[in-house]
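# Summary of the model geometry
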Amino acid sequence: MKTRFLVASFLSLMAPVLGQQSAVFAQVGAAPAAQVTSGNPVFPGWYADPDATVFDKTYWVYPTFSAPYAQQTVITAFSSPDLVNWTKHFNVIDTNEIKWAKRAVWAPAIVRNNGKYYLFFGANDIQNNNEVGGIGVAVADKPEGPFKDLIGKPLVGQIVNRAQPIDQFVFHDKDGQWYMIYGGWGRCNIVKLKADFTGLEPYADGTIYKEITPKDYVEGPVMFMRNGKYYFMWSEGGWTGPNYRVAYAIGDSPFGPFERIATVLQQDRTIATGAGHHGVINVPGTDDWYMVYHRRPLGETDASNRVTCIDKMVFDEKGFIQPVKLTNEGVSPQTIK
């Protein structure tokens, strides 16, 4: 694993951005067939902010290409039948397709709806409501794309409730309603999505944006259901520093109220720093859960030098999430039945 990481680090420093993303890592990205565990990072290269899901019997991870904003022009996906052997799908979308995205695309979120695949993303890192950017959405016939801009403009392009329109997570509730939960700058909104994802729907009271910010929230929201409860997770601290971390709350609806329970992911000074901005995988038909997240290798100080990792996420008998242990080994193979 150490050799594998050193090779990845060298290549990411020496190769041009597009070469790094395509030719250099095209074959390295798949783990050896005889590999016993995934290892961490699970694939080489600088990747962060991963969203994770399952389509049919395949695991998928969609991370940010972790580079300076001017170079974050593409999104690449990774797929695996067993969490150990990963295939790289280079450039599922880029800024040539998103005409209004001039600066960067990052923090993707992926869902399947009515046989189509929808990729939500942040773009341009807007700082005020006079700039063009925010959260966009693209569509494809396959999870590996190619994705095409769905509406030709941001789905959310304004700063509402002081929440920067970034870090979107799309949640499908048990009643069939789709929600998008998003926000940076320490604020989190939840909005209702139209069934075709082309816009937002108002709530019964006529409002469109509802704030659900929990204590210490910074960015990177994630929501899932387990045993009838809504688990809401988010990242805290500064993403460039060692104390980036993940906390969570449990509620009875997508609107909470969400009271912070505990930190569940944070740095381990013997393994890595800056652990945060994650996705969650539940293996279909089981109560097996995994956290896919990014972290910064020991000794790395460049803000963009982040890698994507996976470790087990365990619940106790009361339904509370136990602290996730950072490992270098990663996880054992687990196919989907």
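## What to know about the layout of surface pockets
Considered as a void within the structure, the largest pocket measures approximately 650 Å³ in volume. Looking at the lining of the largest pocket, the elements with two or more residues in it are β1 (47–55), β5 (105–113), β9 (169–172), β14 (219–226) and β18 (272–282). Of the residues forming the lining of the largest pocket, the biggest block, five residues, is contributed by β1. Class assignment of the residues belonging to the lining of the largest pocket gives a composition of 18 nonpolar, four polar and two charged. Here the second largest pocket defines a volume of roughly 290 Å³. Lining of the second largest pocket is provided by 21 residues; of these, D49, Y69, W106, E219 and W239 occupy positions nearest its centre.

## A look at the pattern of salt bridges
Counted according to the given criterion, the structure contains 13 salt bridges. The partner of K229 in a salt bridge is D252, with the nearest N and O atoms 2.6 Å apart. With a gap of 23 residues between them, K229 in strand β15 (residues 229–236) and D252 in the loop between β16 (245–251) and β17 (262–265) connect regions that are remote in the sequence. Classification of D252 as exposed rests on a relative accessible area of 56%. In the salt-bridge network here, residues are joined through shared partners; they are K215, D216, E236, R245 and R260.

## Here we look at the environment of T286
Looking at the secondary structure, you find T286 in the loop between β18 and β19 (289–297). According to the relative accessible area criterion, T286 is partly exposed, its value standing at 30%. Taking the C-alpha atoms as reference points, T286 and K337, separated by 51 residues in sequence, lie 9.7 Å from one another. Here V283 takes part through its backbone oxygen, which lies 2.8 Å from a polar atom of the side chain of T286.

## Quick notes on the sheet that holds β18
Strand order in the open sheet made by the three strands is β18-β19-β20, with antiparallel pairing throughout. This sheet does not close on itself; its edge strands, each paired only once, are β18 and β20 (307–313). With direction set aside, neighbouring strand axes in the sheet form an average angle of 30 degrees. With seven bridges joining them, β19 and β20 adopt antiparallel strand pairing. When the sheet's bridge partners are listed, V292 is paired in β20 with I310.

## A few points about the confidence of the model for the protein
In low-pLDDT segments, the atomic positions of the prediction should not be examined closely. Across the protein, pLDDT averages 91, with 90% of residues at or above 70. Of all secondary-structure elements in the protein, the lowest mean pLDDT belongs to helix α2 (residues 17–24), at 36, while strand β10 (residues 178–182) reaches the highest, 99. This model gives residues 1–32 a pLDDT under 50, and the stretch forms 51 contacts once residues within four places in sequence are excluded.

## Examining empty space enclosed by the protein
A water-sized probe rolled over the atoms picks out the places where empty space is left. Counted according to the given criterion, the structure contains two cavities of 30 Å³ or more. Of the residues contributing to the lining of the largest cavity, the split by class is seven nonpolar, four polar and three charged.

## Thoughts on the pairing of β10
The buried count for β10 comes to five of five residues, which makes it a mostly enclosed element. Neither face of β10 is exposed, since W178, M180 and Y182 on one face and Y179 and I181 on the opposite face are all buried. Sheet topology places β9 next to β10; four bridges connect them, and they run antiparallel. Residue pairing for β10: F169 is matched across the bridge by I181. The hairpin turn running from β9 into β10, its antiparallel successor, is five residues long, and G176 in that turn takes a positive phi close to 95 degrees. Note that β10 and strand β11 (residues 189–193) share four bridges and pair antiparallel. Following the sheet pairing, Y179 is matched in β11 by K192.

## Considerations on the packing of aromatic side chains
Considering all chains together, one arrives at 23 aromatic pairs under this definition. A ring pair is formed by Y118 and F197, whose centres lie 4.8 Å apart and whose planes are at 85 degrees; its orientation type is edge-to-face. Highlighted residues: Y118 in strand β6 (residues 116–123) and F197 in the loop between β11 and β12 (200–201), separated in sequence by 79 residues. An identical accessibility class is assigned to Y118 and F197; each is buried. Measuring from ring centre to ring centre gives 5.0 Å for F224 and Y231, while their planes differ by 5 degrees; the resulting arrangement is stacked. As far as burial versus exposure is concerned, F224 and Y231 are alike and both buried. One aromatic cluster is present, formed by F43, Y47, F65, F78 and W86 through successive ring pairs. The side chain of K210 reaches across the aromatic face of Y203, ending 4.9 Å from its centre.

## Considering the nonpolar core
Judged by nonpolar contacts, the single largest core of 39 residues is most densely connected at F224, F232, M233, M291, M313 and I321. The element contributing the most residues to this core is β15, with five residues. Apart from the residues lying within four places of it in its own chain, the contact partners of I321 are F224, Y231, M233, Y248, V264, M313, V314 and F315.

Analysis parameters
Residues numbered from 1 in each chain as written. Predicted model: local features only at pLDDT ≥ 70, side-chain atom pairs only at ≥ 80, totals over all residues. Heavy atoms only, no water. 1 Å grid on protein atoms, 1.4 Å probe; cavity = no way out; pocket = protein on both sides within 12 Å on 5 of 7 lines; lining within 4 Å. Points joined across faces, edges and corners; volume = space filled by probe spheres on them. Helix = DSSP H or I, 4+ residues; strand = E, 2+ residues; numbered from the N terminus. Nonpolar A, V, L, I, M, F, W, Y, C, P; charged D, E, K, R; others polar. Salt bridge = Lys/Arg side-chain N within 4 Å of Asp/Glu carboxyl O. Buried < 20%, exposed > 50% of the residue type's maximum accessible area, 1.4 Å probe, protein only. Polar contact = N/O pair within 3.5 Å; in protein donor to acceptor, adjacent residues only side chain to side chain. Pairing = 2+ DSSP bridges. Axes fitted to C-alpha atoms, helices over the stretch in contact; angles between N-to-C directions. pLDDT = per-residue confidence, 0-100. Contact = heavy atoms within 4.5 Å. Phe/Tyr/Trp six-rings, centres within 6.5 Å; stacked < 30°, edge-to-face > 60°. Lys NZ or Arg CZ within 6 Å of the ring centre and 35° of its normal. Core = buried A, V, L, I, M, F, W, Y, C linked by side-chain atoms within 4.5 Å.

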